[in-house]
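# Summary of the model geometry
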Amino acid sequence: MSSFPVTRLRRLRQTSVLRDFVRETSLSVDDLLMPLFVAPQQLRNARLPGLARHTVESVVTECEELVRLGVKGVLLFGVPEEKDDEGSGAWIDDGIVQSALRALSARFPELLLVTDVCLCEYTTHGHCGVIVHGEVDNDATIELLARTAVSHVEAGADVIAPSDMMDGRVAAIREQLPTTPLIAYSVKYASAFYGPFREVADSAPAFGDRRGYQMDPGNVREALRECEQDVLEGADMLMVKPALPYLDVLRAVRDRFELPLAAYNVSGEYAMVKAAAAAGDLDEQAAAIESLTAIRRAGADVIFTYWAKEFASWLC
Ligand code: PBG
């Protein structure tokens, strides 16, 4: 039984002012963080401008621009000059991320510096932890992750974000850093959508895959268990990654947990829209805004997205 014609939902869609008044989900540059890659050499990417490599020097210029555009935070990844089996480039005092942090924290006290804590960019084999007897060894890895997180904070990181998916890594880091805000990549799936990232970060696994530590795409109850663990271990924020193929997971986490929630709109999600736009199949700006709005609607408070800079420039 419809209440039409008493009810006509189109009444509130008649003008853009009305539509703005009744919009349930907001999207602003304040909700977005920009991932940045720091490497020994610069590498631009004409197709995917958000997936460029910056040097320590050029990342300063990039952040100047981001701050001018109103972007409030960045997520730093490092591509080291040399890799080894343990990934020691992740925690050495003069590592690439540590050097970038020193340059940026001195220069931009108002810019939130978040660091990704993981070993995959630093290990010769490209796995997110150390290999013992052919397997990624959980308990040996979490000690190295904690060491990495401490070195980031000593160099000027404001927030740390472990992305490795080892069990107990939040507790291991929390023990060393009782007062540092921590965003846990709690729910990170073994996803095909990380392809462009692995190119720019040079972090594809040399053998096997990440299914022994990242989550199976079919699971959502397990996602809630991952979150529960991270809450108990001292995480301040939770994250779901990727975002668009996992909006139901974001919603489930939002409904169950009180912590602020982040989503990672990953490289493959960005690349798909860029490719379709380049082929003339859709309008990039509209598709990006729709995607980011959907991620917020599903429950994300903040979004890590390669569109952060472009989005901010669209508003200017
Ligand atoms: C590192 C890490 C990855 C991403 C963020 N942190 C890649 C991976 O797990 O292989 C992917 C981000 C993206 O695709 O944009 N562990």
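Everything in this summary refers to the structure shown in the same document. These numbers come from a predicted model, not from an experiment.

For the protein, the count of helices and strands is 11 helices and 11 strands. The C-alpha atoms of the protein give a radius of gyration of 20 Å, which matches the 20 Å a tight globule of 316 residues would have. Seen through its C-alpha atoms, the protein measures out along the principal axes to roughly 70 × 40 × 40 Å. A total of 316 residues make up the protein; the buried ones form 54% of that total. Considering only contacts within the protein whose residues lie at least 6 apart along the sequence, 73% involve residues at least 24 apart. Computed over 31 positive and 47 negative side-chain charges, the separation of the two mean positions in the protein equals 10 Å.

A few words on the pairing of strand β8 (residues 183-188). Extensive coverage of β8 is indicated by the burial of 6 of its 6 residues. With 4 bridges joining them, β8 and strand β9 (residues 237-241) adopt parallel strand pairing. Within β9, the position partnered with Ile 183 by the bridge is Met 237.

Glancing now at a negative patch on the surface. Among the surface-exposed residues, Asp 139, Glu 143, Asp 167 and Glu 175 lie close enough to one another that they form a single negatively charged patch. Looking at Asp 167, the relative accessible area reads 53%, which means it is exposed.

The full set close to the ligand counts 18 residues, and Lys 188, Arg 198, Lys 241, Ser 267 and Tyr 306 are the nearest of them. For the ligand, an oxygen atom lies 2.7 Å from a polar atom in the side chain of Arg 198. Lys 241 places a polar side-chain atom, nitrogen or oxygen, 3.2 Å from a nitrogen atom of the ligand. Here the residues of the shell around the ligand sort into 10 nonpolar, 3 polar and 5 charged.

It is worth spelling out the packing of aromatic side chains at this point. Per the counting criterion, the structure on display carries 11 aromatic pairs. Clustering of aromatic rings is evident, with ring pairs tying together Phe 37, Phe 77, Tyr 185, Phe 197, Tyr 264, Tyr 270, Phe 304, Tyr 306 and Trp 307. Cation over ring: Lys 241 sits above Tyr 194, and NZ or CZ is 4.6 Å from the ring centre.

With that settled, consider the pattern of salt bridges. In total, this model carries 16 salt bridges according to the counting rule given. Asp 164 serves as the salt-bridge partner of Arg 169, at 3.3 Å between the closest nitrogen and oxygen. An identical accessibility class is assigned to Arg 169 and Asp 164; each is buried. Measuring nitrogen to oxygen at the nearest pair gives 2.8 Å for the salt bridge that ties Arg 174 to Asp 236. Taken together, the residues span a long stretch of sequence, with Arg 174 in helix α5 (residues 169-176) and Asp 236 in the loop between α7 (221-233) and β9 at a distance of 62 residues. Connected through shared salt-bridge partners, Glu 62, Glu 65 and Lys 309 make up one network.

Conventions we followed
Residues numbered from 1 in each chain as written. Predicted model: local features only at pLDDT ≥ 70, side-chain atom pairs only at ≥ 80, totals over all residues. Heavy atoms only, no water. Helix = DSSP H or I, 4+ residues; strand = E, 2+ residues; numbered from the N terminus. Rg over C-alpha atoms; globule rule 2.2 N^0.38 Å. Buried < 20%, exposed > 50% of the residue type's maximum accessible area, 1.4 Å probe, protein only. Contact = heavy atoms within 4.5 Å. Lys, Arg positive; Asp, Glu negative; His and termini not counted. Charge placed at Lys NZ, Arg CZ, Asp CG, Glu CD. Pairing = 2+ DSSP bridges. Patch = residues over 30% accessible without salt bridge, like charges linked within 9 Å, V, L, I, M, F, W, Y side chains within 5 Å. Areas by Shrake-Rupley, 256 points an atom, 1.4 Å probe, with all protein chains shown as cover. Salt bridge = Lys/Arg side-chain N within 4 Å of Asp/Glu carboxyl O. Near = heavy atom within 4 Å. Polar contact = N/O pair within 3.5 Å; in protein donor to acceptor, adjacent residues only side chain to side chain. Nonpolar A, V, L, I, M, F, W, Y, C, P; charged D, E, K, R; others polar. Phe/Tyr/Trp six-rings, centres within 6.5 Å; stacked < 30°, edge-to-face > 60°. Lys NZ or Arg CZ within 6 Å of the ring centre and 35° of its normal.

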